[in-house]
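Summary of the model geometry
This is what each chain is made of:
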Amino acid sequence: MKKFIFSVALMLAFVLQVNAQNSYFNKVADANTNVKIVKFGPIKIHTYVNPQLVQVSSHIVELKDSLVIIDAQLTYTFTKEVLAYAKSLNKPVAKVIFTHAHPDHILGNYAYKDYPMFALAENIDLIKSNGESFRQVFLKNFGEKDAAPEVVIPQHELKEGTMKINGVKFVIKKYKDHESDIAAIIEIPAANAFFAGDLIYNQVHLFPGNNHLAAWQKTLDGIKKMVKNKTIFPGHGYAGKSNVLDENRAYLKKAIEIASQPNMDAITYKAEMVKAFPNYGAAILIDFGATELFKK
Ligand SMILES: [Zn+2]
């Protein structure tokens, strides 16, 4: 029952979000209502967000002759949906890139098992050491129906610097101690596109679990100039402009303010954040993270 109420609340949050953003996005994809497309000349970026659970974004970058997929989903079911959508574009998947090693971005990755997978070396190690235990926690909480049979360890190291895929330049940078311990952000200068991973969320509650709230805020201050006038493709939610970064900075300011109150606990923290940001989706992310944040 609790789960059901949660899903309904998330669904409503999603509807509000879609309505707020319709003016900006070109169109809702015909093939799958969970996908929105942003076009930059010959490059098309398709973003899949499922309104249920944690609203993770999987981005499909459509180049002239091939596709690059950025991130899986928490569930195998949703990740298979991402792949089915990608297949409907009738171009081969050249690479799959993972921004970081949190379960919501990697657990469903078995759906991508036929394609070369890339992650930072540190994140390959984290997936090796934590992937299966994340899967066990998922099985315990959500059952087998939506779980992948295994977590695939990315075979290729994603290196900082530039790589060309199908003639298009991708720039990879490494960030430490923000939402996750370590993450890759990806820029495509030709598309003015900034793939933020979980450095940035859009209209979704921020996960506080790695306890880097202040460092995260500092990272966002540091990239403010870099993302100006770019389209930001977040780790949770659909694409937006640089105002999304300001919204995240305001969220973190509030989170730090509340978390630092004396005798604060996970339940009160969540209630306060939901009250402060009532239209944000995926409050379940606070449940996943806040227990860790207030662990005595
Ligand atoms: Zn995430």
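Notes on the structure in this doc start here. Small disclaimer: the values here were computed from a predicted structure and weren't measured.

Notes on the environment of I182
Inspection of the secondary structure assignment puts I182 in strand β11 (residues 182-188). Owing to 17 C-beta atoms within 10 Å, I182 belongs among the partly exposed residues under this scheme. Taking C-alpha positions, I182 is 6.6 Å from H100, a pair spaced 82 residues apart along the chain. I182 has contacts with H100, L120, E122, N123, K174 and K176, leaving out every residue within four places of it along the chain.

What about the packing of helix α7 (residues 266-276) against helix α8 (residues 284-293)?
Direction vectors running N to C along α7 and α8 enclose 135°, while the axes themselves pass 9 Å from each other. When the interaxial angle is binned, α7 and α8 end up oblique. Along this stretch, α7 crosses α8, giving a crossing that reads as right-handed. On the side of α7, the interface is formed by A266, Y269, K270 and M273, while α8 contributes I286, D287, A290, T291 and L293. For the contact of α7 with α8, a count of residues per class yields six nonpolar, one polar and two charged.

Looking at the sheet that holds strand β13 (residues 231-236)
Pairing is mixed across the open sheet formed by five strands, whose spatial order is β9-β10-β11-β12-β13. With one partner strand each, in any of the chains shown, β9 (161-165) and β13 form the two edges of the open sheet. Going from strand to strand, the sheet's axes swing by 30° on average, the running direction of each strand aside. Relative to strand β10 (residues 168-176), β9 runs antiparallel, the two being bridged by five bridges. Within the sheet, the bridge partner assigned to G161 lies in β10 and is I172. Contacting β12 (193-201) and β13, helix α6 (residues 243-259) runs over the sheet at an angle of about 15° to β12.

Structural notes on helix α5 (residues 213-227)
The terminal C-alpha atoms of α5 lie 20 Å apart, and with 15 residues this matches the ideal 21 Å at 1.5 Å per residue to within 8%. A bend of about 30° at D221 is the largest found in α5. Listing the buried residues of α5 in full gives L213, W216, T219, L220, I223 and V227. Residues of α5 that are buried make contact with β10, β12, β13 and α6. One or two steps after α5, the chain reaches N229, where phi turns positive at roughly 65°.

Remarks on the packing of α5 against α6
It is the contact of α5 with α6, at a shortest axis distance of 10 Å, that shows an interaxial angle of 165°. In terms of their interaxial angle, α5 and α6 are classed as roughly antiparallel. The handedness of the crossing between α5 and α6 is left-handed. On the side of α5, the interface is formed by L213, A214, W216, Q217, L220, K224 and V227, while α6 contributes L245, N248, R249, L252, K253, A255, I256 and A259. Along the lines of polarity and charge, the residues of the contact of α5 with α6 split into 10 nonpolar, two polar and three charged.

Observations regarding the nonpolar core
Ranked by internal contacts, the top residues of the largest apolar core, which has 84 residues, are I69, I185 and I232. The element best represented in this core is β12, accounting for seven residues.

Regarding the environment of F138
Its place among the elements puts F138 in helix α4 (residues 121-142). For the pair F138 and L107, spaced 31 residues apart in sequence, the C-alpha to C-alpha distance is 8.7 Å. In this structure, F138 is in contact with P103, L107 and A147, ignoring residues within four places of it in sequence.

Here we look at α4
For α4, which comprises 22 residues, the first-to-last C-alpha distance of 29 Å matches the rise-based estimate of 32 Å (1.5 Å per residue) to within 8%. Roughly 50° is the biggest bend found in α4, and it falls at N130. Burial in α4 covers these residues: N123, I124, L126, I127, R135 and F138. Packed against the buried residues of α4 are α3 (103-106), β7 (117-119), β8 (156-157) and β11. Looking at the residues trailing α4, positive phi occurs at G143, about 80°.

Cut-off values and rules
Residues numbered from 1 in each chain as written. Predicted model: local features only at pLDDT ≥ 70, side-chain atom pairs only at ≥ 80, totals over all residues. Helix = DSSP H or I, 4+ residues; strand = E, 2+ residues; numbered from the N terminus. Buried ≥ 20, exposed ≤ 12 C-beta atoms within 10 Å, placed from the backbone. Contact = placed C-beta atoms within 7 Å. Axes fitted to C-alpha atoms, helices over the stretch in contact; angles between N-to-C directions. Parallel < 35°, antiparallel > 145°, perpendicular 65-115°, else oblique. Left-handed = near helix turned anticlockwise from the far one by under 90°. Nonpolar A, V, L, I, M, F, W, Y, C, P; charged D, E, K, R; others polar. Pairing = 2+ DSSP bridges. Expected span 1.5 Å × (residues − 1). Bend = angle between axes of the 7 residues up to and from the residue. Core = buried A, V, L, I, M, F, W, Y, C linked by C-beta atoms within 7 Å.

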